[in-house]
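# Fold and geometry: a report
Each chain is listed here by its residues.
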Amino acid sequence: MRHGRGEDELSVLTPDDKAKTAFVFAGGGSFGAIQVGMMHALAANGVSADMVVGSSVGAINGAYYAGAPTLKGVLELETIWRGLTRHDVFPITWRTVLGFIWRRDFLISHDGIRKLLEDHLPYRNLQDAQLPVHIVTTDIVTGESVVLSEGSAVEAIVASTSIPGAFAPVPYRGRYLVDGAISANTPIKVAVEKGARRLIILPTGYACATDAPPVGAVDCALHALTLLIARQVVDDLENLPPDIDYFVVPPLCPLKGSPYDFSLASEHIERSIQSTEEWLAKQGLEKQHIPGELRTHDH
């Protein structure tokens, strides 16, 4: 499904006080496949949300869920993820490399993510989703959070997934928007601001079992972002108001690989389905707990 685009299509919505339970999706590159496995197990057990908040790859998964918040919809998203390659998301070519070297241009085009969204997202504008959906982005000039809740879904998600230095910022009403993962206003905080009082957080975790540093600029940037996001999630949860209920689906641990490598997506999905089923069977949705997998550790 292809749609037109333009910065004028984006706008910001006021808080939605009707939504009570939020699915909260953070970023994590190809580890977004782990969120898909979590979504599968939650949907299969009848767990649903009133609204969705996401940033970075979590904006992609959250937006798709908001458009088809059923097990059938999650299975369709699984099919997409199982077929993804690195080039689909990060289409680095000799042309972009030369532009990066000679013109100090950005390394990666938005065309890959934009085409992926235009081909598969089941709605055009954010307000057309079946559930309220809020996409977290960052103004690269000021560092201010910009939460997009209406207007072009594709452009909002492209902005939220624009890793600084790799992708060009997305113009929006005089602002230049990039990845929501570097925003001070994280998806957890946004969910509370939008009226949620029960949060179900779906983190990707990070490559805790990796014993060597990432190779390459994009790989290194993504790994650093996953570490930052895990720390943000822990900090946010420790500082939530006492009237907010939260439940964190544990990420995979040990986790090897790279958030830049999509070849393990099917394995991540299957492992995540199983681990989330086990968490639910142990009454995970009745216990407020910050998983140790999100804290600093190694193997």
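Below: a short report on this structure. (Residues numbered from 1 in each chain as written. Predicted model: local features only at pLDDT ≥ 70, side-chain atom pairs only at ≥ 80, totals over all residues. Heavy atoms only, no water.)

### Section: the overall build of the protein
Rule in force here: For helices the rule is a DSSP run of H or I covering at least 4 residues; for strands it is a run of E covering at least 2, with both sets numbered from the N terminus onward. Relative accessibility under 20% of the residue-type maximum defines a buried residue, over 50% an exposed one, and the middle range a partly exposed one, all with a 1.4 Å probe and only protein chains included. Contacts between residues were defined by any pair of non-hydrogen atoms, one from each residue, lying within 4.5 Å. Under the convention used here, a 1.4 Å probe and the Shrake-Rupley method define accessible areas, while residue burial counts only the protein chains that appear.
Each helix and strand in the protein was counted, giving 10 helices and eight strands. The burial tally for the protein puts 57% of its 299 residues in the buried class. The long-range share in the protein, meaning contacts at least 24 apart out of those at least 6 apart in sequence, stands at 81%. Working note: accessible area of the protein is about 12800 Å², and carbon and sulfur atoms make up 54% of it.

### Looking at unusual backbone geometry
Between C253 and the following residue, P254, the backbone shows a cis peptide bond with an omega angle of 0°. Residue position: P254 is located in the loop between β8 (245-248) and α10 (265-281). Here Q283, not a glycine, exhibits a phi torsion of approximately 60°, which is positive. Considering the arrangement of structural elements, one finds Q283 in the segment after α10. Judged by relative accessible area, Q283 falls into the partly exposed class, the value being 39%.

### Observations regarding empty space enclosed by the protein
What counts, and what does not: Of the grid points, spaced at 1 Å and generated over the protein atoms alone, those admitting a 1.4 Å probe that cannot get out make up cavities, while open sets with protein on both sides within 12 Å along at least five of seven lines make up pockets; any residue with an atom within 4 Å of a point is treated as lining. Grid points are joined across faces, edges and corners, and a volume is the space filled by probe spheres set on the points. We call Asp, Glu, Lys and Arg charged. Ala, Val, Leu, Ile, Met, Phe, Trp, Tyr, Cys and Pro are nonpolar, and the rest, Gly among them, are polar.
For the structure on display, the rule yields two cavities of 30 Å³ or more. When its volume is computed, the largest cavity comes out at roughly 290 Å³. In this structure, the largest cavity is lined by 26 residues; those nearest its centre are V57, I60, W81, V89 and T161. Taken together, the elements giving at least two residues each to the lining of the largest cavity come down to α2 (57-67), α3 (71-82), α6 (111-120) and α9 (217-238). Its residues assigned to classes, the lining of the largest cavity shows 18 nonpolar, seven polar and one charged. By volume, the second largest cavity is sized at about 100 Å³.

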